[in-house]
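Each chain, letter by letter, is given below.
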Amino acid sequence: MAVRVNLATEPFHNRRPWVLAVALVALTSGLFSYAWGERSRVLTQQAEALSSEIANQERRLQSLRRQLPRSVPSDQLTPLEQEGIRTASFLIERRLFGWSRLLEVIERHLGPNVRLTTISVAPAEDVPVDPLNPGAGPVKVSLTIVGKELSDILQALERLQRTGEFSRFLPRKQSTLEATNETEYELEALYQARRR
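It should be emphasised that the depicted structure is a prediction, and the values quoted were computed from it without experimental measurement.

### Digging into helix H3 (residues 99–110)
Part 1: Over its 12 residues, H3 runs 16 Å from end to end, which matches the ideal 16 Å to within 8%, given 1.5 Å per residue.
Part 2: Of the positions making up H3, those classed as buried are Arg101, Leu102, Val105, Ile106, His109 and Leu110. Looking down the long axis of H3, one finds its buried residues gathered within 150° of arc, a one-sided arrangement. In H3, the exposed residues that point more than 90 degrees away from the buried face are Ser100 and Glu107.
Part 3: Following H3 by one or two positions, Gly111 has its phi on the positive side, about 105°.

### Describing the side chain of Glu165
Part 1: Of note, Glu165 is situated in the loop between helix H4 (150–162) and strand E3 (166–176).
Part 2: Looking at Glu165, the relative accessible area reads 3%, which means it is buried.
Part 3: Side-chain polar atoms of Glu165 contact the side chain of Arg101, separated by 2.5 Å.
Part 4: Only 3.4 Å separates the side chain of Glu165 from the side chain of Tyr191, close enough to count as a polar contact.

### Notes on the packing of aromatic side chains
Between two aromatic rings, the relevant description is the distance of the centres plus the angle of the planes.
Part 1: The tally for this structure, following the rule as stated, stands at 2 aromatic pairs.
Part 2: Ring centres of Phe166 and Phe169 lie 6.3 Å apart, and the angle between their planes is 20°; this geometry places the pair in the stacked category.
Part 3: Judged by relative accessible area, which is 23%, Phe169 ranks as partly exposed.
Part 4: An aromatic cluster is built from Phe166, Phe169 and Tyr191, whose rings are joined through pairwise contacts.

### Looking at the pairing of E3
Part 1: Bridging between E3 and strand E4 (residues 183–191) involves 8 bridges; their strand directions are antiparallel. Within the sheet, the bridge partner assigned to Ser167 lies in E4 and is Leu190.

### Quick notes on the nonpolar core
Part 1: In this structure, Ile106, Ile145, Leu157 and Phe166 are the most contacted members of the largest nonpolar core, which totals 18 residues.
Part 2: Residues in contact with Ile145, not counting those within four places in the same chain, are Leu110, Val114, Arg115, Leu116, Thr117, Ile153, Leu157, Thr183, Glu184, Tyr185 and Leu187.

Conventions used here
Residues numbered from 1 in each chain as written. Predicted model: local features only at pLDDT ≥ 70, side-chain atom pairs only at ≥ 80, totals over all residues. Heavy atoms only, no water. Helix = DSSP H or I, 4+ residues; strand = E, 2+ residues; numbered from the N terminus. Expected span 1.5 Å × (residues − 1). Buried < 20%, exposed > 50% of the residue type's maximum accessible area, 1.4 Å probe, protein only. Arc of directions from axis to C-beta. Polar contact = N/O pair within 3.5 Å; in protein donor to acceptor, adjacent residues only side chain to side chain. Phe/Tyr/Trp six-rings, centres within 6.5 Å; stacked < 30°, edge-to-face > 60°. Pairing = 2+ DSSP bridges. Core = buried A, V, L, I, M, F, W, Y, C linked by side-chain atoms within 4.5 Å. Contact = heavy atoms within 4.5 Å.

Structure, rendered in structure tokens:
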């Protein structure tokens, strides 16, 4: 007579698969831990190298600052040097002018019945250019705006003035376009870009 063994009474009789699974999990965890440790070590070395480089750059910057000549008061400059500073400041001011910001503000506040046909920008004569802070001064903007009605143009100008970036509106010319019976309005304004 054959003896039957019920393996359910000894569930861990064959332990080899369990031991292999546990060993595999332990090996995988160990490999991940080692990889993360190596990555952490490399990042720590890079951070130390960068911090020493930053310290070297700061020391070099301080030595360069000590070598800078002292600033000369503007009353001690010759007229030719003063004119050179004004010209350089003007060129920098023109280079740094934010056309995209100006056009974005105008487009957002004109309205559906008004369109801009011409625009030009020039430095404001009565506002001196700050050579230490170029691109921050106000500029004179000349605009030609066309609208279906004069009231549409005036509402657009009110919206532009409420932005706080436009001031000193000075009308130049108003006429009616013959082909469309639209109103053309030329004006000048002072534009000061708001800091973001």
